[in-house]
Amino acid sequence: MVLPYIEPYKIKMVESIHKSTIEQRKTWIKEAKYNLFKLSSDQVIIDLLTDSGTGAMSDKQWAEMMLGDESYAGSRSFAKLEKTVQDLTGFPYFIPTHQGRAAENVLFSALVKEGDVIPGNSHFDTTKGHIEFRKASAIDCTIEEAFDTSVYHPFKGNIDLRKLEEVFQSNPVEKIPFTLITVTCNSAGGQPISMKNIREVRTLCNQYGIPLYFDSARFAENAYFIKTREKEYEHQSIKAIVKELFAHGDGMTMSAKKDGIVNMGGFIALKDPNIYKECITYNIIYEGFVTYGGMSGRDMGALAQGLQESTEFDYLKSRVDQVHYLGQKLVEFGVPVQQPFGGHAIYLDADKFVPNIAKQEYRAQSLAIELYIMAGIRSVEIGTILADRDPVTRKNRYPKLELVRLAIPRRTYTMSHMDYIAVALKNIYETRHEAKRGYDIKWEAPIMRHFTVELEKLS
Ligand code: F0G
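Keep in mind the model is a prediction, meaning the values are calculated, not measured.

Chemist: Could you give an account of the domain arrangement of the protein chain, naming the residues involved and the relevant values?
Modeler: Domain boundaries assigned for the protein chain yield domain 1 (22-51 + 313-457) and domain 2 (59-310). The distance between the C-alpha centroids of domain 1 and domain 2 comes to 27 Å. At the junction of the two partners, domain 1 supplies 29 residues and domain 2 supplies 32 residues. Contact between domain 1 and domain 2 buries roughly 2,400 Å² in total, counting both sides, with carbon and sulfur atoms accounting for 54%. Area buried by domain 1 at its contact with domain 2 is led by Leu-316, Pro-340 and Arg-410, which between them contribute 24% of it. Taken together, the links from domain 1 to domain 2 amount to six salt bridges. In this structure, the salt-bridge partner of Glu-144 is Lys-400, at a minimum N-O distance of 4.0 Å. Here domain 1 and domain 2 share 15 residue pairs in polar contact (both at pLDDT 80 or more) between them. At the level of elements, helix H12 (313-332), strand S9 (345-349) and strand S12 (403-407) are the ones that each hand at least two residues to the side of domain 1 that touches domain 2. A per-element tally of the side of domain 1 that touches domain 2 places H12 first, with eight residues.

Pasting the structure below:
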């Protein structure tokens, strides 16, 4: 018999989980105005709100914390991180920032002007926010298959080249500062983009003289999918695939809280020395001096080590296998989920899960609340509440997909935690017909309402 695959690590330190009862959770979620962001983490048993900054660092990363050089300028930890990023990505210019959206802020300050258009594959919310804040627009060119949870496509993060070319043809070239590829595509469900598609996008960009940038938060997971789903890459190492991927770009932004496996951090890496020079001025204004950019020396050391670990095949296999183990269990139980499973999360299809609840009563949010009450699992709504209102009509924008994201933190939970989540959802699914009413909004902020929204239960 073939020995089963095991996680390539063992556990050295543990953190207690706070258990609670259904009655306690009913009180807590009511006090939190039915907004899962307002819960204290002690009120949560398994926290799947995000995989961002919630991973477990290795002993080698913790050792780096002790080696951190906290010099204001010219820190050794900066030099270590800079060399790691240069070796990994091939980009010669590196700028640290405190997290991913800070990298977006600095880079877009240099590149994005009012009236610009930035095509890409379902830009992440903060990315879109930074584009729209500058009175520019983000145009989604993701392939249509991404919006049907039951259709199998190995690379649902791919860009539809016809949609992209239409954007190139219908706008003056000087209004398109760059195309942005998000690897993996978070908003489309943690779905990867193929190397073939990246190559084709690059060729099209070259034809029109438009630069190409990457939003790289989950670049290592994307490289894993390229290796395991794109035949010509099956014998290549993850690091070689990563190098090739970035070779197609002019630069990248990174939220290191994901595939950097650190709790806080980010960076920009670039090809062009002139754009680098422009960015460092913004970096000093917004983030800090160029050799720390919002990160302490110890965090830069831990990130350098984290990037080495996240680009190892065995780590990525156990990471993706764990997410897929949960997805597979849910499929066996008949629970409707997006397929193929994403790299960092499983997405529940709330339209199919609780069709009895009216769309206007926030199906996905209702399901996320039920999952919390029944099992203490905190997930996040990726549906109408997140989609916000149309800025002109102030009407709710109903997205194509009404999802609940179960984001799995890196190296944090075990397989028995996955079993617990799967059984909790099975039980809710079996009684789904009893769910008839959802929630109403009592108060909301004018933008990014999902973080602070207050809801009322309808009966
Ligand atoms: N880009 C992508 C694709 C992301 O998923 C995120 C964050 C960011 C940029 C921004 O990075 O948080 O370090 O400022 N995503 C988190 C999530 C918040 O839960 O998916 P950040």
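Having seen the structure, we can now continue with the description.
Chemist: Describe empty space enclosed by the protein, listing the residues and the values that go with them.
Modeler: The tally for this structure, following the rule as stated, stands at two cavities of 30 Å³ or more. Around the largest cavity sit Asn-35, Leu-36, Phe-37, Leu-49, Gln-365, Ser-379, Val-380, Glu-381, Ile-385, His-450 and Val-453, which together line it. Its residues assigned to classes, the lining of the largest cavity shows six nonpolar, four polar and one charged. Here the second largest cavity defines a volume of roughly 50 Å³. Lining the second largest cavity are Tyr-9, Tyr-315, Ser-318, Arg-319, Gln-322, Pro-409, Arg-410 and Arg-411. Partitioned by chemical class, the residues of the lining of the second largest cavity number three nonpolar, two polar and three charged.

Thresholds, definitions, all that
- Residues numbered from 1 in each chain as written.
- Predicted model: local features only at pLDDT ≥ 70, side-chain atom pairs only at ≥ 80, totals over all residues.
- Heavy atoms only, no water.
- Domains from an automatic or database assignment.
- Contact = heavy atoms within 4.5 Å.
- Buried area = accessible area lost by both parts, 1.4 Å probe.
- Salt bridge = Lys/Arg side-chain N within 4 Å of Asp/Glu carboxyl O.
- Polar contact = N/O pair within 3.5 Å; in protein donor to acceptor, adjacent residues only side chain to side chain.
- Helix = DSSP H or I, 4+ residues; strand = E, 2+ residues; numbered from the N terminus.
- 1 Å grid on protein atoms, 1.4 Å probe; cavity = no way out; pocket = protein on both sides within 12 Å on 5 of 7 lines; lining within 4 Å.
- Points joined across faces, edges and corners; volume = space filled by probe spheres on them.
- Nonpolar A, V, L, I, M, F, W, Y, C, P; charged D, E, K, R; others polar.

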